[in-house]
Amino acid sequence: MAAAPDKPTKVETAKRASNQLRGTIAEVLADAEAPKFEHDDLQCMKFHGIYQQHDRDKRAGKDKTFTFMIRTKCPGGRMTAAQYIAQDDIATRYSTGGALRLTTRQAIQFHGVIKSELKATMRELNQALISTIAACGDVERNVMCSPAPLADDAHRQTRAITDEIAEKLAPATGAYYEIWLDGEKVDRQEHIPEEPFYGESYLPRKFKTGIATPTDNSIDVYTQDCGLITVFDHGKLTAVNVLAGGGLGMTHRKEDTFARMGPHIGSVAPEHAADTVKAIVSIHRDFGDRTDRRHARLKYVIEDRGIDWFRNELRDRIGFPLNDWVELGPLELNDYLGRHDQDGGGSFYGVWVRNGRVADFEDGPRYKSAFRKIAEELDPSVILTPNQSLLFADLDDAKIERLEAILEEHNVPTSIPGVHRFSMACPALPTCGLALAEAERYLPDLVDLIQAELEQHGLEDERFTVRMTGCPNGCARPYTADLAFVGRKPGVYDVFLGGRLAGDRLSELFAELVPQDQIIDKLRPVLSAWASQRNGDESLGDFYNRVYADDAQRTMLTGSKESPSESRVLELIGS
Ligand code: SRM
Ligand code: SF4
C-alpha cells in the first residue's frame with residue numbers, strides 16, 4: 001500500500017484509531033445518559049450504515065434531539081416478500097411516520113430511529129437477513145444493477161456479478177456483529193479479525209459500483225466510481241465494458257470540485273468483472289487523497305494522473321487481459337412501469353413511488369399499506385430500482401390482476417404524467433444535515449408548474465428527467481438530468497440543463513441563484529423555444545445541447561466548471 005500521507009484528515013485518524021470500526025460505539029450505546037455519539041464514533045457508525053441526524057424543522061439549539069438514519073445494503077435492490085414485510089414492520093415500529101425511504105442506489109433508509117431503539121432496529125434487520133454494513137462509509141457501497149428480473153442467461157449473469165462484487169468487497173471486521181448482534185453471526189461466513197483488503201484506514205472515501213445493461217442505464221453508469229456495462233451477443237453475455245472515475249459530488253464556489261463522467265477504460269471477460277472492480281478499488285485505496293476529503297474520490301485520482309496512467313496501473317494489478325472498449329449503441333433508461341414479461345415465465349410489475357417515500361399520504365397514494373398487502377397476499381420478489389421506485393416480480397396473471405386492484409384501492413397511480421415520471425429528489429430537509437434548501441418536499445409542486453407550462457405547448461407527455469437536490473452533493477444525480485435544480489440556500493436554486501434520459505451526458509449550469517418563485521419565468525423561454533424549434537422528438541436536454549453545444553467551447557467531462565449559460569442560450573434561441 002502507499003505510504004501514509006503527511007497530514008491525514010480527522011476522519012483518517014478516527015478510522016485508524018477505531019480498532020476496525022469499533023471505537024467506543026458499544027459503550028456510548030450502553031450509556032443511557034449519553035444523548036449522542038461524538039465525531040470519531042460517528043465516522044465509524046457510517047460504516048455500520050448509521051448516520052446521526054436531528055430534525056431541522058425544529059429549532060436548533062443545545063437541546064436538540066438526535067435521532068438516527070439507518071441505510072440498508074441490498075445489492076441490485078433485490079429482496080424477498082418476507083424481507084420487505086420485515087422492513088415494513090421495522091419502519092412501523094421505529095421510523096418517523098412509519099415510512100420507508102427507497103434510495104437512488106436501490107436500498108432502504110429508516111429515518112428518526114431513537115438511540116434507545118437503535119440496537120433493536122439493527123438486530124431485527126439482521127434477523128431478516130438484511131445487512132447495513134458498508135451501506136455508508138469509506139468502502140465499496142451498495143452495488144447497483146439494472147433491476148429488471150429477466151430470466152435469460154445474460155441478465156442472470158449480470159445479477160451474479162453484482163453479488164460477487166458485493167461479496168468480494170464486503171468489509172471483514174467483526175465489529176458490526178459484536179456491537180449490534182452481541183457477537184452473533186447471522187448467515188455469514190466466519191469473520192476474520194482484520195481487514196486483509198481494506199487495511200485499518202479503509203478507503204480514502206466512498207466507492208460506488210454499478211452495472212448497466214445497454215437497454216437500461218437507470219443506474220447512471222457514467223456517474224459511478226466504477227461503472228460496468230454488459231455486452232450481449234445473441235442473448236449471451238460476452239464481455240463487460242469498464243469505465244472508472246465518475247462521480248457527482250461537488251461544493252459550491254469550489255472549482256476544484258466537480259461532477260465528472262467516468263471515461264471508458266476498456267473491457268474484460270465477464271468472469272473477470274468482479275476482480276477488475278476489486279483492482280480498481282485497490283487503486284483508489286492506494287492513491288486516493290487522504291489529506292482532503294473533498295479531493296479524495298477516485299475521479300480526482302484519474303483526473304490528476306490521467307487515463308493512461310490509470311490503465312497501466314490497472315493492467316499491472318490484474319492477471320488477465322484488459323481489452324478494448326466494445327462499441328455499443330446508445331444507452332436507454334427503462335423505468336419498467338406497469339406489467340412486463342420475465343422471459344422465463346411469469347411477469348413483473350413496476351410501481352412509481354414519489355421520491356421513494358413509502359408512506360400513507362392523506363388524500364394521496366397509500367403506498368405503505370398497498371405494498372404491505374401486495375407482499376403479504378401475493379408473495380412477490382421485490383426489486384428496488386435506481387429511481388426510487390420498485391418492481392414486484394414472479395407474478396402470474398391472476399396475481400397481476402390482484403396487484404392492480406390493490407394499487408387502485410390504495411390510490412397508488414399506475415399511469416404517471418410525463419414530467420413526474422422521470423423526476424427524483426433527495427431527502428434534503430428536514431433530515432439531511434447538509435441540505436441548503438428543500439428537495440423532496442418541494443419538487444412535486446415545481447413539477448406541477450412545469451407540467452402546466454408544457455401543457456400550453458402540447459409537450460406534457462414528453463419523456464425527460466427532472467431532478468432536484470438540496471445541495472450540490474448530487475444524491476438524486478441531478479447532473480445527468482435534462483433539467484435539474486440544486487439548492488444554494490433556502491428557497492434558492494441553481495438550474496442545470498442538458499443531460500438526458502440515457503444518462504450519458506452531464507448537464508450544465510444554466511442559471512445561478514434563482515429564487516424558487518422565479519424558476520418558471522427563467523425556464524419559460526427555453527421551454528417555449530424547445531416546443532417551436534425542436535428537431536423531431538428531440539428531448540429538452542438534447543435541444544439545449546444542440547443549441548448551445550456547438551457554440552460553446554467546453555468539455556463534457558467536467559461540465560460543472562462552466563459559468564451560467566442563460567444569457568447566451570437566450571440569444572441563440574432568439575428570446
Ligand atoms: Fe448521498 C451524503 C442521501 C445517493 C453523493 N447522502 C449523503 C447524506 C448521508 C448526508 C450526510 O452525509 O450527512 C444524505 C442523507 C440524507 C437523509 O436524510 O436521508 C444522503 N445519498 C442519499 C440518498 C438517500 C438520496 C436519495 O434520494 O435516495 C441516496 C442513498 C443511496 C444509497 O442507498 O446508498 C444517496 N449520494 C447519492 C448519490 C447518487 C448515487 O450514488 O448514485 C450521490 C452522487 C454520486 C457520487 O457519490 O458522486 C451522492 N451523498 C453524496 C455526497 C457527495 C460525495 C462527494 O464525492 O462529494 C455526500 C456528502 C459526503 O459524502 O460528504 C452525500
Ligand atoms: Fe443531503 Fe445534499 Fe444529498 Fe440532498 S444532495 S440528501 S441535501 S447531501
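Structural data are supplied above this passage.
Residues numbered from 1 in each chain as written. Chains lettered and ligands numbered in written order. Predicted model: local features only at pLDDT ≥ 70, side-chain atom pairs only at ≥ 80, totals over all residues. Heavy atoms only, no water.

### Structural notes on the nonpolar core
Considering soluble globular proteins, one finds that nonpolar side chains tend to be buried as a cluster. Judged by nonpolar contacts, the single largest core of 99 residues is most densely connected at Leu118, Trp180 and Phe371. Residues contacting Trp180, with those up to four places away along its chain left out, are Ile25, Leu29, His48, Ile50, Leu118, Lys119, Met122 and Arg123. In terms of nonpolar packing, the next biggest core, distinct from the first, is built from 43 residues, Phe510, Val514, Val526 and Trp530 among them. (Core = buried A, V, L, I, M, F, W, Y, C linked by side-chain atoms within 4.5 Å. Buried < 20%, exposed > 50% of the residue type's maximum accessible area, 1.4 Å probe, protein only. Contact = heavy atoms within 4.5 Å.)

### What to know about the sheet that holds strand S3 (residues 78-79)
One open sheet accounts for five strands, arranged S3-S14-S15-S12-S11; its pairing is antiparallel. Two strands close off the open sheet at either side, each with one partner strand: S3 and strand S11 (338-341). With four bridges connecting them, strand S14 (residues 381-384) and strand S15 (residues 390-395) associate as antiparallel partners. In the sheet register, Ile383 faces S15, and the bridge partner there is Leu391. (Pairing = 2+ DSSP bridges. Helix = DSSP H or I, 4+ residues; strand = E, 2+ residues; numbered from the N terminus.)

### A closer look at the site of ligand 1
Ligand 1 sits among 29 residues. The nearest are Thr103, Leu248, Thr431, Cys475 and Arg477. Arg101 is positioned such that a nitrogen or oxygen atom in its side chain is 3.1 Å from an oxygen atom of ligand 1. Residue Thr431 places a side-chain N or O atom 2.6 Å away from an oxygen atom belonging to ligand 1. Mapped by element, the contributors of at least two residues to the shell around ligand 1 are strand S1 (50-54), strand S2 (66-71) and strand S5 (108-113). Its residues assigned to classes, the shell around ligand 1 shows 10 nonpolar, 11 polar and eight charged. (Near = heavy atom within 4 Å. Polar contact = N/O pair within 3.5 Å; in protein donor to acceptor, adjacent residues only side chain to side chain. Nonpolar A, V, L, I, M, F, W, Y, C, P; charged D, E, K, R; others polar.)

### Focus: the site of ligand 2
Near ligand 2 you find Cys426, Pro427, Ala428, Cys432, Leu434, Ala435, Thr469, Gly470, Cys471, Asn473, Gly474 and Cys475, and these make up its full shell. Partitioned by chemical class, the residues of the shell around ligand 2 number eight nonpolar, four polar and no charged.

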